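Topology and contacts: notes
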Amino acid sequence: RVHKLVLNCCVGESGDRLTRASRVLEQLTGQQPILSKSRLTIRTFGIRRNEKISCHVTVRGDKAEEILERGLKVKEYELRSRNFSDTGNF
């Protein structure tokens, strides 16, 4: 049983790439993505504090199982063992 599915897409910058990533997540899930901000300024990456750099969507219930089924079908229901963490996340 799947309780929730969190789809995260971090692009590392605001602007057009972030807009495209949020549009992709919205098309996959049918839900409006949440934009996440950076916590720190990292000059080497060109990221400023509180700049929107990623988006995520939380899906629960039957919709989560449907999206997971579609994603696994693309990979022909085979995942590598290194795709899983010690706590069962992948």
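Above this text is the structure in question.
Everything numeric in this text was worked out from a predicted model, so none of it was measured.

The pairing of strand 1 (residues 4-10) with strand 3 (residues 52-60) spans 7 bridges and is antiparallel. Counterpart to leucine 5 in the pairing with strand 3 is valine 59. In terms of strand pairing, strand 2 (residues 34-37) meets strand 3 through 4 bridges, oriented antiparallel. Residue isoleucine 34 lies in a different strand from strand 3, and its bridge partner there is histidine 56.

Moving on to the pattern of salt bridges. For the structure on display, the rule yields 3 salt bridges. Between glutamate 13 and arginine 17 there is a salt bridge; the shortest N-O distance is 3.7 Å. For glutamate 13, a relative accessible area of 34% puts it in the partly exposed group. In this structure, aspartate 16 and arginine 20 form a salt bridge, with 3.3 Å as the shortest nitrogen-oxygen distance. In this pair, aspartate 16 and arginine 20 both sit in helix 1 (residues 16-29), 4 residues apart, roughly one turn of the helix. Taking the relative accessible area as the measure of exposure, arginine 20 reaches 44% and is therefore partly exposed.

Moving on: the side chain of threonine 29. Note on placement: threonine 29 falls in helix 1. From its side chain, threonine 29 meets the backbone nitrogen of glutamine 31 in a polar contact 3.2 Å long. Excluding residues that lie within four positions of it along the chain, threonine 29 makes contacts with Leu7, Val57, Val59, Lys63 and Ile67.

Sheet strands pair by backbone hydrogen bonding; their relative direction is either parallel or antiparallel. Read from one edge to the other, the open sheet built from 3 strands follows the order 1-3-2, with strand pairing classed as antiparallel. Both outer strands of the open sheet, strand 1 and strand 2, are each paired with one neighbouring strand and no more. Taking each pair of neighbouring strands and ignoring which way they run, the sheet shows an average axis angle of 30°. Taken strand by strand, helix 1 contacts strand 1, strand 2 and strand 3, and its axis lies near 5° from that of strand 3. Across the sheet, helix 2 (residues 62-74) lies against strand 1 and strand 3, angled at about 115° from strand 3, the strand it touches most.

Definitions and cut-offs
- Residues numbered from 1 in each chain as written.
- Predicted model: local features only at pLDDT ≥ 70, side-chain atom pairs only at ≥ 80, totals over all residues.
- Heavy atoms only, no water.
- Pairing = 2+ DSSP bridges.
- Helix = DSSP H or I, 4+ residues; strand = E, 2+ residues; numbered from the N terminus.
- Salt bridge = Lys/Arg side-chain N within 4 Å of Asp/Glu carboxyl O.
- Buried < 20%, exposed > 50% of the residue type's maximum accessible area, 1.4 Å probe, protein only.
- Polar contact = N/O pair within 3.5 Å; in protein donor to acceptor, adjacent residues only side chain to side chain.
- Contact = heavy atoms within 4.5 Å.
- Axes fitted to C-alpha atoms, helices over the stretch in contact; angles between N-to-C directions.

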